[in-house]
Amino acid sequence: MLLKTTMRLNLSIILAISAWQRTSAGSSSPPSKPLASLASATKRAFLPYDVTTLENDRFGAIDNADDSATNLAKAATRFASSINALADIPSGGDGAVVAEMSAPLSQAADIDAVNDAPLLDDIEMLSDMLAEVVKKENPAVYDLYTTFRKLGMKRAANPDDPTPFEEMKKLAYDISPRDALGVMKTFSIALNLVNAAEVHHRMRLVRKNEHANDTHHIGPLPMIEDSIRGTMEILLEEDGVSPESIFERLISQKCEIVLTAHPTEVNRKTIIRKYRNISELLAHLERPDLHPFERAEALNNLRGIIAAIWGSDEIRRVKPTVQKEAAGGCAVIESVLWDAVPSYLRKLDAQCRVTLGKKLPVDITPIKFASWIGGDRDGNPNCTPAVTQEVLAYQKLRAAKMFLNDLNLLYSELAISSRFSPELEALAATIKNSDDELEKYRRVIGHLRRRLVRTVKDCEAKLQSLAKSPETLSAEAAFGALEGWEDVEPIMKTDDLMAPLKVIYESLVTTGFELVADGRVSDIIRRVAIFGLTLVPLDIREESTKHTLALDAITRHLGIGSYKEWDETARLSWLQSELTSRRPLFRIRDVENNLLGLDPDVIKTLMVFKVAAEQEPESLGAYVISQATSASDVLAVMLLQKQFGMEEKLMRVVPLFETLDDLTGSPKQLETLFGITSYIGSINGKQEVMVGYSDSAKDAGR
């Protein structure tokens, strides 16, 4: 049993090395498949097992666990397929420079001895650093690693010679489970280091290409055919579209990116962050003015990060709770998107000025974000109404703290004491008890800071009441005591923050400080427009039969029959009647106290609507109905929203059609909905539909 598992690991080692040696052989090796997929396959090959489990033979009834063997077999197959496919990739080719710059190096026709030399140098440096760490920590694994690598290099130099591969197989067969895992981990880290180096190298090539080939069209965004800048150039020069038309389309478009819930995700944020730091340090090392000490310090930092990766467990061993997963989603926003999105919009603004001759409005948001984390109840019993409420409070807390940080920085910058617009003067005059008499921007910002501190305090108190959450530091500890926060109202709506910020922005522009306005003030306004006071609006997702069972319980309680047993015509007739009725079906407190004798699952379904009804409209996004099959599925959710008092702040109801039959019948169901006058009025003529690709592929094939 243990021997079979060890042999599977050993086979994965051989295949990992076969992949690794392709990337290490430089221009003499055949071109590789995407390095990211190889690194991912390597991880999947060894990460499900740890040494203790192997040595104690506790796989969880390994005799019956064919899944373990299947997973490893699949990993081996992926490696074999990747390696075999290398021979099918043509070498050479004179493809357009722009196309080559836009594709990952691993997808290029071949390695360029000149352009890709810096990448190969980075890979060699990082590999040597990894080898140093492994040699110090585990000499036995180091010896195996270097032996496998040498054999891999021999095989890369002469692919037709079977001897190196046979030697690798023999060596892999004889090593212990602990050493097998050590070698696998080493090659997995090595492949991830290649990925980190390539991330930096792609930006290096893009910048080089811009400097070399784009002297007539200067702009901050890269000149790539499928980018916004490339699209602008093609529309202008080849299609003859006017700059005005392009600009109008650009500012009116909306792209919503949704952070979906994946509780089985095993990669840890701390490891992902370390690899990103490696890419950033590689860029730092290329500075031409770098002092020798600064270079030595950066190299030591690289060694330290690699050592930390080697010493870390790269995966989660415990499935995260919904709350922790939501915290992880917030961390993505805080550590990446919070800075990246305003930075991108600054570049887009500059590109619009250069290419279209127009300035991008400061509050335009072509990109928006939403999240399912904490709202996706489909198949996840841990996502309860209480958890959803807790996640919403946590997101608002994080948003308030992030904006409070921004306003602290803005307060320190805007010490301007003259030339204010009349609107700014009037706004400042409404603020009492401020020490900032002459510096009126600071007077307004200081008041906003106090209101945000109050928001933080209120959110912390709510979280404490919901889950006894040990939420980090209090507002005073995190930001310093701002006197008077108890006497102001919290900021709970985006407009409460956006309106004064836009007054500040317009005042700066009209009084000659446009360059100041286009700095941090613009960034904060764009963050407010994109993230709002909720960080991301939360979508709710629930399976259609849950609503059917809830309404069935209600109709049975009312003594009017079984909603579940009614046909579609009867359901639609009753739903339309109740949607226009002013009489509620039940009292909410009766549901809360279960005076209706409802099943606990039905109560959970209904209480989600109560939680939603208590939120500001901007806190919520769409209500997604998975496994939607009929028009009544949509009207059922509309009715439940109405019953909980959401008529003035209806969530978008989005049917998700997934199976082949549901997809085939979806046009008819939508026609039925669009034939209901009251429904058309409630959605303002706009209907959002989701098409499931996973279940439909299982049901009907790809």
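Residues numbered from 1 in each chain as written. Predicted model: local features only at pLDDT ≥ 70, side-chain atom pairs only at ≥ 80, totals over all residues. Heavy atoms only, no water.

## Here we look at the overall build of the protein
Here's step 1: Counting secondary structure elements, the protein contains 28 helices and six strands.
Here's step 2: Residue burial in the protein is summarised as follows: out of 702 residues, 49% are buried.
Here's step 3: The contacts of the protein with a sequence gap of at least 6 include a subset with a gap of at least 24, amounting to 79%.
Here's step 4: A total accessible area of about 33,500 Å² is found for the protein, and carbon and sulfur atoms account for 53% of it. (Helix = DSSP H or I, 4+ residues; strand = E, 2+ residues; numbered from the N terminus. Buried < 20%, exposed > 50% of the residue type's maximum accessible area, 1.4 Å probe, protein only. Contact = heavy atoms within 4.5 Å. Areas by Shrake-Rupley, 256 points an atom, 1.4 Å probe, with all protein chains shown as cover.)

## Re the packing of helix H10 (residues 228-237) against helix H14 (residues 322-356)
Here's step 1: One can describe the packing of H10 onto H14 by two numbers: an axis separation of 11 Å at closest approach and a directional angle of 20°. Here H10 lies roughly parallel to H14, going by the angle between them. Viewed along their axes, H10 and H14 form a crossing whose handedness is right-handed. Here Ile228, Arg229, Met232, Glu233 and Leu236 of H10 lie close against H14, whose contacting residues are Tyr344, Leu348, Gln351, Cys352, Thr355 and Leu356.
Here's step 2: Grouping the amino acids of the contact of H10 with H14 by side-chain chemistry returns seven nonpolar, two polar and two charged. (Axes fitted to C-alpha atoms, helices over the stretch in contact; angles between N-to-C directions. Parallel < 35°, antiparallel > 145°, perpendicular 65-115°, else oblique. Left-handed = near helix turned anticlockwise from the far one by under 90°. Nonpolar A, V, L, I, M, F, W, Y, C, P; charged D, E, K, R; others polar.)

## Considering H10
Here's step 1: Listed as buried for H10 are Arg229, Gly230, Met232 and Glu233. Seen along its axis, H10 keeps its buried residues to an arc of 160°; they face one direction. (Arc of directions from axis to C-beta.)

## Observations regarding the packing of helix H21 (residues 544-558) against helix H24 (residues 600-613)
Here's step 1: The geometry of H21 relative to H24 is characterised by a closest axis approach of 9 Å and an angle of 100° between their N-to-C directions. Here H24 runs roughly perpendicular to H21, going by the angle between their axes. Where H21 abuts H24, its residues Lys546, His547, Leu549, Ala550, Ala553 and Ile554 lie against Val602, Thr605, Leu606 and Phe609.
Here's step 2: Taken together, the residues of the contact of H21 with H24 break down into seven nonpolar, two polar and one charged.

## As for the confidence of the model for the protein
Here's step 1: The predicted model of the protein averages 79 in pLDDT, with 76% of residues at 70 or higher.
Here's step 2: In the predicted structure, residues 1-102 sits below a pLDDT of 50 and forms 172 contacts with residues beyond four places in sequence or in another chain.
Here's step 3: Scored below 50 in pLDDT, residues 469-481 shows 27 contacts in the model against residues more than four places distant or in partner chains. (pLDDT = per-residue confidence, 0-100.)

## Things to note about the environment of Gly311
Here's step 1: With respect to the secondary-structure elements, Gly311 resides in helix H13 (residues 292-311).
Here's step 2: In this structure, the C-alpha to C-alpha distance between Gly311 and Val134, residues 177 residues apart in sequence, is 9.7 Å.

## Focus: the packing of aromatic side chains
Here's step 1: Counted according to the given criterion, the structure contains 11 aromatic pairs.
Here's step 2: Summarising the aromatic geometry, the rings of Tyr563 and Trp566 are spaced 5.8 Å apart at their centres and angled 65° between planes, so their arrangement reads as edge-to-face.
Here's step 3: Residue Tyr563 is classed as buried on the basis of its relative accessible area, which comes to 1%.
Here's step 4: Relative accessible area serves as the criterion here: at 22%, Trp566 is assigned to the partly exposed category. (Phe/Tyr/Trp six-rings, centres within 6.5 Å; stacked < 30°, edge-to-face > 60°.)

## A look at H13
Here's step 1: Helix length check: H13 (20 residues) gives 29 Å between terminal C-alpha atoms against 28 Å at 1.5 Å per residue, within 8%.
Here's step 2: Residues of H13 that are buried include every one of Ala298, Leu299, Leu302, Ile305, Ile306, Ile309 and Trp310, and no others. Seen along its axis, H13 keeps its buried residues to an arc of 140°; they face one direction. Exposed positions of H13 whose direction lies more than 90 degrees from the buried face are Phe293 and Gly311. (Expected span 1.5 Å × (residues − 1).)

## Quick look at the side chain of Asp552
Here's step 1: Note that Asp552 resides in helix H21.
Here's step 2: Residue classification places Asp552 among the buried positions, given a relative accessible area of 8%.
Here's step 3: In this view, Asp552 contacts Ser562, Tyr563 and Lys564; residues no more than four positions away in its chain are not counted.

## Side note on the nonpolar core
Here's step 1: Membership of the largest hydrophobic core comes to 72 residues, with the highest contact counts inside it found for Leu407, Leu414, Leu497, Ile504 and Leu508.
Here's step 2: The set of elements that each furnish at least two residues to this core consists of helix H11 (243-252), H14, strand E2 (367-371), helix H15 (385-413), helix H16 (422-429), helix H17 (440-467), helix H19 (494-510) and helix H20 (514-531).
Here's step 3: Per-element accounting of this core gives the leading share, 13 residues, to H15.
Here's step 4: Grouped together as the second largest cluster of nonpolar side chains are 47 residues, Leu392, Val591, Phe609 and Ile683 included. (Core = buried A, V, L, I, M, F, W, Y, C linked by side-chain atoms within 4.5 Å.)

## Some words on the pattern of salt bridges
Here's step 1: What the rule picks out here adds up to 34 salt bridges.
Here's step 2: Of the charged contacts in the structure, one is a salt bridge between Arg541 and Asp376, with a shortest N-O distance of 2.8 Å. Placement of Arg541 in strand E3 (residues 538-543) and of Asp376 in the loop between E2 and H15 is noted, with a sequence separation of 165 residues between them. Note on accessibility: Arg541 and Asp376 belong to one class, buried.
Here's step 3: Close ionic contact of Glu688 with Arg652 constitutes a salt bridge, the shortest N to O distance being 2.7 Å. Here the residue Glu688 occupies a position in the loop between helix H27 (677-682) and strand E6 (690-691), and Arg652 occupies one in strand E5 (residues 652-657), the gap between them amounting to 36 residues.
Here's step 4: In this structure, a network of salt bridges that share partners links the residues Asp349, Arg353, Lys359, Glu514 and Asp518. (Salt bridge = Lys/Arg side-chain N within 4 Å of Asp/Glu carboxyl O.)

## Section: the environment of Glu439
Here's step 1: As for its placement among the helices and strands, Glu439 is situated in the loop between H16 and H17.
Here's step 2: Here the alpha-carbon distance between Glu439 and Ala428, two residues 11 residues apart in the chain, equals 9.6 Å.
Here's step 3: Once residues lying within four places of it in the same chain are set aside, the contact partners of Glu439 are Ala415, Ile416 and Ser417.

## As for the pairing of E5
When a strand is regular, its side chains alternate between the sheet's two faces.
Here's step 1: Burial within E5 is extensive, with five of its six residues counted as buried.
Here's step 2: In the sheet, strand E4 (residues 620-626) pairs with E5 via four bridges, with the strands oriented parallel. Across the sheet, residue Ala622 finds its bridge partner in E5, namely Arg652.
Here's step 3: Sheet topology note: the E5/E6 ladder contains two bridges and is parallel. Of the residues in E6, the one forming a bridge with Phe657 is Val691. (Pairing = 2+ DSSP bridges.)

## Observations concerning unusual backbone geometry
Here's step 1: Phi is positive for Asn594, close to 55°, though the residue is something other than glycine.
Here's step 2: Looking at the element boundaries, Asn594 is found in the loop between helix H23 (588-592) and H24.
Here's step 3: Although it is not a glycine, Gln627 sits at a positive phi angle of roughly 55°.
Here's step 4: Within the element layout of this structure, Gln627 appears in the loop between E4 and helix H25 (631-643).
Here's step 5: Its relative accessible area of 23% is what places Gln627 among the partly exposed residues.

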